[in-house]
Amino acid sequence: MHTAYLHADEVVMNVDAWAGQQVLVVGASKGIGAALVAALLDRGAAQVWAASRSGACVDDPRVTSLTLDATDEPGLAAAAAQIGAATDRLHAVIHTPGLLQNDVLRPERRMQDISLEALHASFAVNAFAPMLAAKHFLPLLGHGERAIFASVSARVGSIGDNRLGGWYSYRAAKAAQNQLIHTAAIEAARKSRALICCTLHPGTVDTGLSKPFQAGVKPEKLFTPERAAAQLLDVLAGLTPADSGGFFAWDGQPIPW
Ligand SMILES: NC(=O)c1ccc[n+]([C@@H]2O[C@H](COP(=O)([O-])OP(=O)(O)OC[C@H]3O[C@@H](n4cnc5c(N)ncnc54)[C@H](OP(=O)(O)O)[C@@H]3O)[C@@H](O)[C@H]2O)c1
């Protein structure tokens with residue numbers, strides 16, 4: 001799947017599928033996004049565009065930092081133009097921004113906790129940002145070679161898997177994210193049959209986003225960002241265009257809508 005073994009005389013070389021790839025990571029300043037940038041560099045990526053609101057820099061000549069708010073459409077257009085001017089072979093876009101709580105947004109326990117402001121905040125980052133990223137970056141992936149647009153979602157966005165309830169705005173925004181990217185995958189397949197467009201569930205990962213909600217999580221079920229990034233890169237490396245439009249967990253298992 002993600003790893004090929006080349007036998008040359010007595011030497012066995014492990015060649016990672018990400019070696020030599022040119023990849024854009026959006027949401028690259030912390031959490032899973034930052035771990036993805038580090039993992040891609042470890043695996044021999046040729047070029048990584050690391051986009052974040054802070055434009056945080058990674059000290060590696062293969063990294064180009066971009067300052068980008070994932071909800072800012074002119075900023076997305078400018079980033080796409082910058083990358084398009086630098087290469088005609090972008091191999092993957094991995095979009096990670098997500099929002100579970102902030103000043104106006106708290107994961108709701110009951111519907112009386114819902115506010116329009118919180119719904120707006122959640123949908124802007126969790127649903128609208130990945131769709132705008134698809135609008136602006138998918139054209140860079142239509143070169144005819146295998147290419148991936150992956151949007152990090154969350155299992156709680158699955159309607160079929162929802163037995164607990166609660167977390168209205170995050171659940172609904174992640175469900176909308178899955179639907180928007182699934183719809184984009186159908187359109188993209190008409191333009192390039194080598195394109196894989198999907199959403200991903202990273203598992204429960206020890207980041208700022210999950211910190212306030214880790215109390216009931218068993219230690220073996222709480223992944224480090226490094227482990228989560230490695231698992232997601234493995235899953236993506238194993239997907240084919242036939243998987244496009246799907247929603248996949250950290251272990252490669254499809255998740256019901
Ligand atoms: N951690 C988990 O257990 C877990 C579980 C399921 C799904 N997820 C999903 O995984 C993804 C990554 O989350 P994480 O755990 O790594 O959380 P995190 O450490 O809180 O990181 C969130 C990321 O989103 C970015 N972001 C938020 N609003 C943004 C905006 N307007 N523009 C650009 N970037 C923005 C942040 O960038 P700044 O540095 O600019 O704030 C940061 O890179 C999210 O989509 C989340 O929903 C996480």
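No experiment lies behind these values; they were computed from the predicted model shown. (Residues numbered from 1 in each chain as written. Predicted model: local features only at pLDDT ≥ 70, side-chain atom pairs only at ≥ 80, totals over all residues.)

(A) Looking closely at the site of the ligand. Surveying the vicinity of the ligand reveals 26 residues, the closest of which are Gly-31, Arg-53, Gly-98, Thr-207 and Leu-209. When residues of the shell around the ligand are traced back to their parent elements, those giving at least two are helix H1 (31-42) and strand S9 (204-205). Grouping the constituent residues of the shell around the ligand by class yields 10 nonpolar, 13 polar and three charged. (Near = placed C-beta within 6 Å. Helix = DSSP H or I, 4+ residues; strand = E, 2+ residues; numbered from the N terminus. Nonpolar A, V, L, I, M, F, W, Y, C, P; charged D, E, K, R; others polar.)

(B) Examining the pairing of strand S4 (residues 47-52) more closely. With six of six residues buried, S4 is to be regarded as a mostly interior element. Of the two faces of S4, the one lined by Gln-47, Trp-49 and Ala-51 and the one lined by Val-48, Ala-50 and Ser-52 are each fully buried. The pairing of strand S3 (residues 22-26) with S4 spans five bridges and is parallel. What sits directly across from Gln-22, in S4, is Gln-47. A crossover connection joins S3 to the parallel S4 through H1; in handedness this β-α-β unit is right-handed. Looking at chain direction, S4 and strand S5 (residues 63-67) are connected through five bridges and run parallel. For Ala-50, the partnering residue across the bridge sits in S5 and is Ser-65. (Buried ≥ 20, exposed ≤ 12 C-beta atoms within 10 Å, placed from the backbone. Pairing = 2+ DSSP bridges. Right-handed = clockwise from strand over helix to strand, strands pointing away.)

(C) Looking closely at the environment of Val-93. By the secondary structure assignment, Val-93 is in strand S6 (residues 92-95). Separated by 39 residues in sequence, Val-93 and Leu-132 have C-alpha atoms that sit 13 Å apart. Among residues more than four places away in sequence, those in contact with Val-93 are Leu-24, Ala-133, Phe-137, Leu-141 and Phe-149. (Contact = placed C-beta atoms within 7 Å.)

(D) Looking closely at the packing of H1 against helix H5 (residues 225-238). At a minimum axis separation of 8 Å, H1 and H5 run at an interaxial angle of 65°. For the crossing formed where H1 meets H5, the hand is right-handed. Contact with H1, carried on its side by Gly-31, Ile-32, Ala-34, Ala-35, Leu-36 and Ala-39, involves Pro-225, Glu-226, Ala-228, Ala-229, Ala-230, Leu-232 and Leu-233 of H5 and no other residues of that element. Taken together, the residues that form the contact of H1 with H5 break down as 11 nonpolar, one polar and one charged. (Axes fitted to C-alpha atoms, helices over the stretch in contact; angles between N-to-C directions. Left-handed = near helix turned anticlockwise from the far one by under 90°.)

(E) Up close: the nonpolar core. In terms of nonpolar packing, the biggest core is built from 64 residues, with Leu-24, Val-25, Leu-36 and Phe-137 touching the most fellow members. The residues touching Val-25, leaving out its near neighbours within four places in the chain, are Gly-33, Leu-36, Val-37, Val-48, Ala-50, Ala-51, Ile-94 and Thr-96. Counting six residues, the second-largest nonpolar core is a separate cluster that includes Ala-127, Trp-167, Tyr-170 and Ala-173. (Core = buried A, V, L, I, M, F, W, Y, C linked by C-beta atoms within 7 Å.)

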